[in-house]
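# Examination of the molecular architecture
As a plain string of letters, each chain reads:
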Amino acid sequence: GLGHTRLSILDTTYHGHQPMTSEDEKVTLVLNGEIYNFREIRTELEAKGIRFHGLSDTEVLLNLYLVEGEESLLKLNGIFAFAIWNAETENLFIARDGLGVKPLYYHSSNKNFAFASEIKALIQLIPEERKLDNEAIYRYLTFLWCPDSGTPLDSVKKLLPGEAMVVRSGKIVKKWLWYQLPIFKNVSCELTESLAIEGSRNYLRQAVKRQMVSDVPVGAFLSGGLDSSAVVAFAREENPDLHCFTIDLVGGQESGITDDLPYAR
């Protein structure tokens, strides 16, 4: 079974509803996240004769899988955790984005396999298996996060950033790392300071532009730091009327402050 509660950002019509199933009803997908380069992928698929009914990135991912299978991961630019059920092969294909922005937790035992975006969803399925993982808790208290696949529950693990797996008959039959950060590769590159600055600016502008695609209003939360200020500065190139929000303490209580400038006050 696949369940999904959607925050509609792209294609708010029924064409974007999930779980989403292919026309032949053999493949079903649930996606948490955004595929930033879905428009480019859609153009490629349309050139191959693929027809689309809606405007969502979910439909693009579904059709990309139908054409390229597990290799479709290599074409994705975005933040995501998704699961694809192939009724023909009886395989469940699960994957998480390269940086691990979107979470994915799973439970695997002799009785069943289950996965979710949050641990509390899995707790409902494993009421008798709630033994604590003391080592994972110790790591969390030490590092403020838990490296590796551990979670507070011994019976629940997390899929790591850039990992994918295939489940068949309730068993994990394949698990692999499809993405690694470039810092782990031996790449020799000589850059001058000016080229490094120009490259950082251009890539950041490109990333912000890709994430401005939405069928609902887009705004920005400002902390007053360089990161959010830089993001808003580039976002305003695409949308000069971008609404920005920050938080101030008034009488000991938080209150929202609206500002249309690319900085927080």
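Quick look at the structure, then. (Residues numbered from 1 in each chain as written. Predicted model: local features only at pLDDT ≥ 70, side-chain atom pairs only at ≥ 80, totals over all residues. Heavy atoms only, no water.)

For the rest of this paragraph, the subject is the packing of aromatic side chains. Each aromatic ring pair is specified by the distance between its two centres and by the angle formed by the two planes. Under the definition given, this model contains seven aromatic pairs. Taking 5.6 Å as the distance between ring centres and 75° as the angle between the ring planes, the aromatic pair formed by Phe 82 and Phe 93 counts as edge-to-face. Here Phe 93 lies in strand 4 (residues 91-96) and Phe 82 lies in strand 3 (residues 78-86), a separation of 11 residues in the sequence. Judged by its relative accessible area of 2%, Phe 82 is buried. (Phe/Tyr/Trp six-rings, centres within 6.5 Å; stacked < 30°, edge-to-face > 60°. Helix = DSSP H or I, 4+ residues; strand = E, 2+ residues; numbered from the N terminus. Buried < 20%, exposed > 50% of the residue type's maximum accessible area, 1.4 Å probe, protein only.)

Under the defined criterion, the tally for this structure stands at 13 salt bridges. Residue Glu 118 is joined to Lys 120 by a salt bridge in which the shortest nitrogen-to-oxygen separation is 3.8 Å. You can call Glu 118 partly exposed: its relative accessible area is 44%. For Lys 120, a relative accessible area of 57% puts it in the exposed group. (Salt bridge = Lys/Arg side-chain N within 4 Å of Asp/Glu carboxyl O.)

A sheet is described by the order of its strands in space; here three strands give the open sequence 6-5-7, paired in antiparallel fashion. For this open sheet the edge positions go to strand 6 (113-116) and strand 7 (157-158), each flanked by a neighbour on one side alone. Pairing of strand 5 (residues 105-108) with strand 7 involves two bridges; the strand directions are antiparallel. Directly across from Tyr 105, in strand 7, lies its bridge partner Lys 158. (Pairing = 2+ DSSP bridges.)

One face of the sheet, then the other: side chains in a regular strand alternate in exactly this way. With six bridges joining them, strand 8 (residues 163-168) and strand 9 (residues 171-177) adopt antiparallel strand pairing. Residue pairing in the sheet places Arg 168 in a bridge with Lys 171 of strand 9. Where strand 8 folds back on strand 9, the antiparallel hairpin that results is connected by two residues, among which Ser 169 adopts a positive phi of roughly 55°.

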